[in-house]
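Listed here are the chains, written in short residue letters.
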Amino acid sequence: MSNASAVQAPERLGLLRVLGPGHVWALGVGIVLVGEYMGWNFSVGKGGMIAGLVACWVAGLLYTCVAMIDSEVTSTVAAAGGQYAQAKHIVGPLMAFNVGLFLVMAYTMLEAANAITIGFLLDTVAGMLGHTGLNQQPFIIMTILALAYLNYRGVLASLSFNLVITAFAFVAIIVLFLAVQFGASAVPLDFSAVTNEPLPYGWLGIIAALHFGLWYYLGIEGTCQAAEEVRSPARSLPFGTMAGIMTLVIAATLTWYVCSGLIPWEYLGSAGTPLFDAARVTGNSSLMVLLFIGTVFATTASANGCINDASRAWFSMGRDRYLPSWFGAVHPRYRTPYRSIVFLIPIALIFALGAPLDQVVTFSILSGLLGYTFMTFNMVMFRKKWPLDTIKRGYVHPWHPLPAVVLLVLCAATYFAVFLGYGTQLIAMLCFYIIASLWFHFWRYRFVKRGDQFTMPWPRPQGY
Amino acid sequence: MDIWNYLEIAAWVISAIIAGIMLLDMIKVDTTYDNELLTSSREGELELTQERHEL
Amino acid sequence: MAYQPPKQSLAGQVVDVIVLLVLTVGALYLPLYMGLAGAAKTPAPIENPTWEALGQNAAEQQQWAALGFPDAASANDIITARFDYTFSWTALIVMVVAVVGYFILVVRLSDKEYREVIDERFGKSGKG
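As the structure is a prediction and not an experimental result, all values here were calculated from the model. (Residues numbered from 1 in each chain as written. Chains lettered and ligands numbered in written order. Predicted model: local features only at pLDDT ≥ 70, side-chain atom pairs only at ≥ 80, totals over all residues. Heavy atoms only, no water.)

1. Side note on the overall build of chain A
Here's step 1: Counting its secondary structure elements, chain A contains 17 helices and zero strands.
Here's step 2: The C-alpha radius of gyration of chain A comes to 22 Å, within 12% of the 23 Å expected for a compact globule of 464 residues.
Here's step 3: If you line up chain A on its principal axes, its C-alpha atoms span 70 × 45 × 40 Å.
Here's step 4: Residue pairs in contact within chain A that sit at least 24 positions apart in sequence constitute 85% of those at least 6 positions apart.
Here's step 5: In the form shown here, chain A has an accessible surface area of approximately 12,800 Å², with 70% of it arising from carbon and sulfur atoms.
Here's step 6: Here chain A contributes 24 positive and 18 negative side-chain charges, whose respective centroids are spaced 16 Å apart. (Helix = DSSP H or I, 4+ residues; strand = E, 2+ residues; numbered from the N terminus. Rg over C-alpha atoms; globule rule 2.2 N^0.38 Å. Contact = heavy atoms within 4.5 Å. Areas by Shrake-Rupley, 256 points an atom, 1.4 Å probe, with all protein chains shown as cover. Lys, Arg positive; Asp, Glu negative; His and termini not counted. Charge placed at Lys NZ, Arg CZ, Asp CG, Glu CD.)

2. Observations regarding the packing of helix α11 (residues 233–262) of chain A against helix α13 (residues 274–282) of chain A
Angle between the axes and distance between the axes: these two values describe a pair of packed helices.
Residue and element names in this part refer to chain A.
Here's step 1: At a minimum axis separation of 9 Å, α11 and α13 run at an interaxial angle of 50°. Comparing the axis directions of α11 and α13 gives the class oblique. For α11 against α13, the interelement crossing comes out left-handed. Between α11 and α13, the residues in contact are T255, V258, C259 and L262 and P274, L275, A278, V281 and T282, respectively.
Here's step 2: Within the contact of α11 with α13, the residues separate by chemical class into seven nonpolar, two polar and no charged. (Axes fitted to C-alpha atoms, helices over the stretch in contact; angles between N-to-C directions. Parallel < 35°, antiparallel > 145°, perpendicular 65-115°, else oblique. Left-handed = near helix turned anticlockwise from the far one by under 90°. Nonpolar A, V, L, I, M, F, W, Y, C, P; charged D, E, K, R; others polar.)

3. With respect to the environment of L101 of chain A
Residues and elements named next belong to chain A.
Here's step 1: By the element assignment, L101 lies in helix α6 (residues 93–128).
Here's step 2: Between the C-alpha atom of L101 and that of A313, which follows or precedes it by 212 residues, the distance is 8.1 Å.
Here's step 3: When neighbours within four sequence positions are excluded, L101 is seen to be in contact with M317, F432, Y433 and A436.

4. Some points on the arrangement of the chains
Here's step 1: Sorting the two pairs of chains in contact by contact count puts chains A and C at the top.
Here's step 2: Considering only C-alpha positions, the minimal separation of the non-contacting chain B and chain C is 12 Å.

5. Details of helix α4 (residues 49–74) of chain A
Here's step 1: Across its 26 residues, α4 of chain A extends 36 Å between first and last C-alpha, which sits within 8% of the 38 Å expected from 1.5 Å per residue.
Here's step 2: Most of α4 of chain A is tucked away, with 20 of its 26 residues classed as buried. (Expected span 1.5 Å × (residues − 1). Buried < 20%, exposed > 50% of the residue type's maximum accessible area, 1.4 Å probe, protein only.)

6. Observations regarding the interface of chain B and chain A
Here's step 1: At the junction of the two partners, chain B supplies 36 residues and chain A supplies 54 residues.
Here's step 2: Approximately 3,800 Å² of surface area, both sides summed, lies buried where chain B meets chain A, with 64% of it carried by carbon and sulfur atoms.
Here's step 3: Where chain B packs against chain A, one counts three salt bridges.
Here's step 4: Residue E43 of chain B is joined to R319 of chain A by a salt bridge in which the shortest nitrogen-to-oxygen separation is 3.9 Å.
Here's step 5: Residue assignment for the side of chain B that touches chain A shows that the elements contributing at least two residues are α1 (3–32), α2 (35–38) and α3 (45–54) of chain B.
Here's step 6: The greatest single-element share of the side of chain B that touches chain A, amounting to 18 residues, is contributed by α1 of chain B.
Here's step 7: Taken together, the residues that form the side of chain B that touches chain A break down as 17 nonpolar, nine polar and 10 charged. (Buried area = accessible area lost by both parts, 1.4 Å probe. Salt bridge = Lys/Arg side-chain N within 4 Å of Asp/Glu carboxyl O.)

7. Notes on unusual backbone geometry
Here's step 1: At the junction of H400 of chain A and P401 of chain A, the peptide bond is cis and its omega measures out at 5° in the coordinates.
Here's step 2: Notably, R335 of chain A is not glycine yet its phi reads approximately 55°, a positive angle.
Here's step 3: In this structure, R335 of chain A sits in the loop between α14 (285–319) and α15 (338–354).
Here's step 4: If you check the backbone angles, N48 of chain C has positive phi at about 45° while not being a glycine.

8. Some words on the interface of chain A and chain C
Here's step 1: Between chain A and chain C, the contact holds 101 residues from the first and 71 residues from the second.
Here's step 2: Considering only the surface of chain A that becomes buried against chain C, R450, R460 and Y464 of chain A emerge as the three largest contributors, covering 10% of it.
Here's step 3: Where chain A touches chain C, the interface holds four salt bridges.
Here's step 4: Counting the contacts that link chain A with chain C gives 28 residue pairs in polar contact (both at pLDDT 80 or more).
Here's step 5: Top element by residues in the side of chain A that touches chain C is helix α17 (residues 402–442) of chain A. It accounts for 22 residues. (Polar contact = N/O pair within 3.5 Å; in protein donor to acceptor, adjacent residues only side chain to side chain.)

Shown next as structure tokens:
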């Protein structure tokens with residue numbers, strides 16, 4: 001079998017295998033770090049300052065489970081499309097179609113949210129410099145188009161770019177923390193609200209805050225989208241993902257500390273760019289410039305990674321004919337899924353230009369959440385269909401099935417959190433996925449070759 | 001008109017140029033190459049070719 | 001005999017993409033247009049607001065000033081806005097049923113399709 005395909009291989013186009021572990025880290029953290037620059041603070045709005053911190057750590061635990069589970073499966077199913085390819089091999093085609101949609105939606109919405117933030121930030125800065133009524137549209141459009149073009153031109157350049165700007169944005173958070181610690185702020189840190197108004201919504205607020213607590217880390221699982229472009233996926237992907245989670249837990253805690261200390265929680269709970277606002281409160285103009293650049297870089301890195309991930313997922317679905325096969329094309333020179341990249345631009349624009357930020361964020365979080373729920377039973381089925389002694393895994397996570405169970409419990413709590421306040425969005429999303437599923441099962445699946453979907457060199461699953 | 005208005009116009013122009021370049025390139029590629037070749041990527045196959053190169 | 005899928009025409013491909021697009025845009029915008037998207041915080045501004053009445057201490061007052069809220073009246077709405085977390089148990093049950101039902105539906109239909117895939121890839125079950 002390997003001979004036959006080896007002979008054909010030169011006539012075929014594939015994605016380029018050029019990335020190292022640093023790029024994986026940059027892809028994972030790059031997408032997520034923006035969560036520290038905007039969005040996470042809505043959790044403070046939903047539950048108060050304490051709830052924001054609890055949500056930060058509980059979500060950190062949730063994502064540690066995600067990373068452990070994901071690392072084991074990804075180090076074994078290394079294919080573009082990440083969880084989509086996992087679902088296809090472990091649960092089945094319809095699940096894979098849904099997971100593919102989760103990924104595309106989560107990342108495209110996140111990309112839209114990033115573009116909205118850049119527009120909003122420029123508007124804030126223009127306002128501070130005395131220009132009112134800035135038209136944000138051209139900046140939003142330019143951001144999305146420029147990053148799409150970067151992705152169009154090649155994965156190595158995109159992710160090397162991401163590595164640099166992500167590192168900068170991360171350092172900016174640490175510098176802000178240190179500067180504030182050593183008295184660069186004209187306004188003192190104040191945590192009196194922690195004692196005066198610890199839980200404005202009571203214990204319910206802590207659960208409600210989980211909704212946006214996910215935003216601190218959402219997208220870290222995107223690292224495995226790059227599987228077909230990483231030089232040694234079985235090692236680089238688990239390593240890059242785990243390093244990413246650690247980076248993020250640190251960044252998230254520092255962010256909570258600085259922002260809660262410098263910004264009244266009532267304002268923080270609905271702020272558009274919390275870290276930049278914290279820098280504004282310090283009254284230190286170099287910090288302001290630093291955090292302005294940090295915010296721009298973080299949002300750019302995130303949007304860039306999102307374009308990368310969403311297009312890989314869309315491309316993989318096209319390649320398997322889950323979507324029109326037209327999307328499964330690879331650019332002959334740049335070796336990127338160029339049609340998917342171009343097609344997703346207008347979709348991102350529709351949402352970036354037309355919907356409010358918290359709705360877009362919720363749409364993204366919900367898609368992510370459905371994806372995490374899938375991971376729990378995916379893991380259990382993976383171990384059941386291929387027990388440890390049947391195939392070689394690049395990484396085996398400890399304490400199975402504890403992480404899966406913890407993840408499921410946390411997912412359930414988060415559904416409830418989303419339900420508090422965004423229940424209609426949740427139902428609307430589910431209706432979307434149910435209709436899409438029926439459409440796939442009863443119509444679209446007829447165009448899919450059955451046996452070809454299973455591409456891993458594994459033995460027959462047990463029980464089938 | 002201040003600097004921000006010019007920046008707005010510049011952003012529109014840059015957007016249009018990038019969109020133009022990307023669309024032109026896509027049309028060029030789609031008309032130059034055979035669709036069968038463009039969509040010839042298969043999941044899992046890269047793994048095999050990669051293995052072959054390393055042996 | 002392996003299943004041979006029909007070849008899809010270009011028009012068919014375009015229609016399929018449009019269907020997905022309409023679904024996606026509908027899912028986000030329908031709740032928005034119908035005014036059902038929740039999460040509106042309702043401000044409950046107090047009369048004759050002072051920083052003290054709003055519970056803001058000296059440090060917090062400085063912070064508000066730095067953020068562009070010079071007096072208590074300007075921050076009144078933001079400070080007093082609260083979410084309403086009262087919910088109906090019926091709605092909660094509807095949600096639970098929807099989420100669980102959705103996953104059961106998808107996993108069951110997937111399993112049906114998955115068996116076909118495995119049979120075609122590894123031969124009919126029984127033969128191994």
